[in-house]
Every structure is written in structure tokens, then in C-alpha cells.
Amino acid sequence: MPSRRVRPAVLIVLFASLLTLANSVAAYGDDPEKPPPCNPVTAFTPFNFSDPTQINNKWNPLIPGTQFTLNGQADRGGGLLPHEVVTIVTDLTKVINGVRTVVILEKDINEGIIQEAELNFQAQDNGANIWNMGEYPEEYENGKFDGAPDVWIAGLGDAKPGNSMIGNAQLGTPEYLQGWSPEIEFLDCAKVFMMQQRACVPAGCYDDVMVTDERSPLEPESGHQRKFYAPEVGNVQVGAVNDPEDETLVLTKVSHLSPEEMAKVRQDALKMEKNAYKVNGDYRRTQPITPPAIVPGPLGG
């Protein structure tokens, strides 16, 4: 799902805000290596993951073969334009920092043109907390690969894993770390903001919705994201608070991909990993993605 990274296209938009901040009291972002103001809900240890690829967290179940499509608008430097985020739970896995993770393929499409494609790596611990173990985001210019400057892998380059979703979500739970990489100045924190809400989006109406509030302490000028999670579904809505990108999204479709569609997804993910090994030193230190033991195919085939 959409992360808190600020894209280069919006840096110009942020310049005026940065000038103002420069004259204020020193902010947290002055020292990206300073310990983060939030922590994971529990200490990370690989021994706390008995079945890490079985991600059945109530608020964000990640079932291989599921595709989530969110549509809305965002300002990536040229004003508010149509924006789409497609997230696919693959049946591929990858070991990171001693834990086998599920590979998620996500594509950001702005006005019909791909702007970013990302592999991210998720695992669930024994307490149903989902851990974000790393991200490989590729940036595109006019639909063509333009670099991958914001790669982070837990356990490499001082990067630390965090919780993309917590298992026992309650109001008043302390703000929790979602991921931290001093090397690329990436830091996200989140907290439970509201519970028992109702959200109606094109994909349906949902009760007992939980809302989280996400922020980047290293980039206070980037505002906050509010994400709405429906039980047994996942992220159904994204809102913005003082965010210069003003990204707002709603879930429009949940699909269950066919064997042929999953074969294409695997191909796309493995192609991205091949590129990742070429362009990023930390990624080259990771084990290769593992395909499923048995690849489902058409009946009788």
C-alpha cells in the first residue's frame, strides 16, 4: 500500500516549507541516524516467526493471488491528477534477515502512466503482527526505468524492520515503527487513530473499520496519511492531512487472479529482482526469491 516516501517530483512543492522549517527550532529530521521516536510493538527476533508467510492478520490479510486496486488522485508535481495503486500478493517468498517473507508487487500509476513499481516483503509473527522487512521501489520517467534510490532491506545498511500492521490493534496503543533506514533517510511511524468506523467505497460498505495515522518524523512537512482498514479485507481508503501530494484513494476492486495471471505476476516480480541485483549493492547481498513449490495450472494441463 502507499508508503510515506516523498517523490522527487514534489520536492519543489516542499521547498517553501523547508525554508520555514530552517528558521525554526531544530527538528527531528536534522539527524537521520538519531534513534526513532517510535518502536516496533515487540522486539524483532527471527525465532518469533513459526509460519511467517501465513498472513491472516484480521486487519490486513495477505492471501496469495489477491489483487487490490485503489483509485483516486494525487499531486506528484503537476497538480491533482488521476492516480491508481495496484497491490498484488504473490505466491513468491524471499528470506530477509532470517525470516521468510511474502513478496508483494505494487504499482503506482499516475494519469495512466506507471510512475513507480515496488517489491516489498511482509511476514507475520506469532502475535499476528505483520512486519515490513524491506522495499525495492523502482522509479519511472515517462514509463521508463529511471532508478531505484530508495531501497532498504532489514538487517543491511543499519535498516530496521517495522510493523506494517499490528496484531492487537487498540486505541491508545503506543505509536509504532513501520520501518527505518538511516542510509536513505527513511522512517515511518504509525498509530491507531480511530476504531469502529464505517467506510463506503466503490468496492463496498464496511463496518468496524480501523483508521491508522502514519507520519514520517524525518519529513514533518510531508503531513500525515490516514488509512482505513476493514476486517478481513485490508486497506479500503487512504486520506491525506497536510500532505503536499494530497493523495486520496478508495478501494475499487478486489480480484482473485487466475493461474495465467499469476504466472505473469511472477514473471514481472522476477524481472524486477533481476534488475535489483544489478542496481543495488544491499539487494545483491540477499537470497534470491523462491517460487512456490507447486505452481498451480489449468485443470487437465
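Treat the numbers as computed from the prediction; the structure is a model and nothing was measured. (Residues numbered from 1 in each chain as written. Predicted model: local features only at pLDDT ≥ 70, side-chain atom pairs only at ≥ 80, totals over all residues. Heavy atoms only, no water.)

Attention now goes to the environment of L251. Along the chain, L251 falls in strand β14 (residues 248-256). Sequence-wise, L251 and Q237 are 14 residues apart; in three dimensions their C-alpha atoms are separated by 6.0 Å. Non-local contacts of L251, meaning those with residues more than four positions away in its chain, are made with F68, T69, L70, V201, P202, A203, Y206, V233, N235 and V236. (Helix = DSSP H or I, 4+ residues; strand = E, 2+ residues; numbered from the N terminus. Contact = heavy atoms within 4.5 Å.)

Bringing helix α2 (residues 259-279) into the picture now. Between its first and last C-alpha atoms α2 spans 30 Å; for 21 residues at 1.5 Å apiece the expected length is 30 Å, and the two agree. M262, V265, R266, D268, A269, M272, E273, N275 and A276 are the residues of α2 that are buried. On its buried face, α2 sits against β2 (80-96), β3 (99-110), β4 (113-124), β5 (130-141), β6 (144-147) and α3 (281-284). (Expected span 1.5 Å × (residues − 1). Buried < 20%, exposed > 50% of the residue type's maximum accessible area, 1.4 Å probe, protein only.)

Here the focus is the side chain of D243. With respect to the secondary-structure elements, D243 resides in the loop between β13 (234-241) and β14. At a separation of 2.9 Å, a polar atom in the side chain of D243 contacts the main-chain amide nitrogen of E245. (Polar contact = N/O pair within 3.5 Å; in protein donor to acceptor, adjacent residues only side chain to side chain.)

To continue, consider the pairing of strand β12 (residues 224-230). For β12, a buried count of 5 out of 7 residues is recorded, marking the element as mostly surrounded by other parts of the structure. Of the strand pairs in this sheet, strand β11 (residues 204-215) and β12 are connected by 6 bridges, and their pairing is antiparallel. By the bridge assignment, T212 is partnered in β12 with K227. Where β12 lies against β13, 7 bridges are found, and the strand directions are antiparallel. Considered in β13, the bridge of K227 is made with V238. (Pairing = 2+ DSSP bridges.)

By size, the foremost hydrophobic cluster in this structure holds 33 residues, and its most contacted members are L119, F121, M133, Y136, I153 and Y283. Elements supplying a minimum of two residues to this core: β2, β3, β4, β5, β7 (152-153) and α2. At 5 residues, the largest contribution of residues to this core is made by α2. Setting aside residues no more than four positions away along its own chain, M133 makes contact with F44, I96, N97, V99, T101, F121, W152, I153, A154 and P161. Counting residues in each nonpolar core, the second largest holds 31 residues, with W59, V85, V236 and V238 among its members. (Core = buried A, V, L, I, M, F, W, Y, C linked by side-chain atoms within 4.5 Å.)

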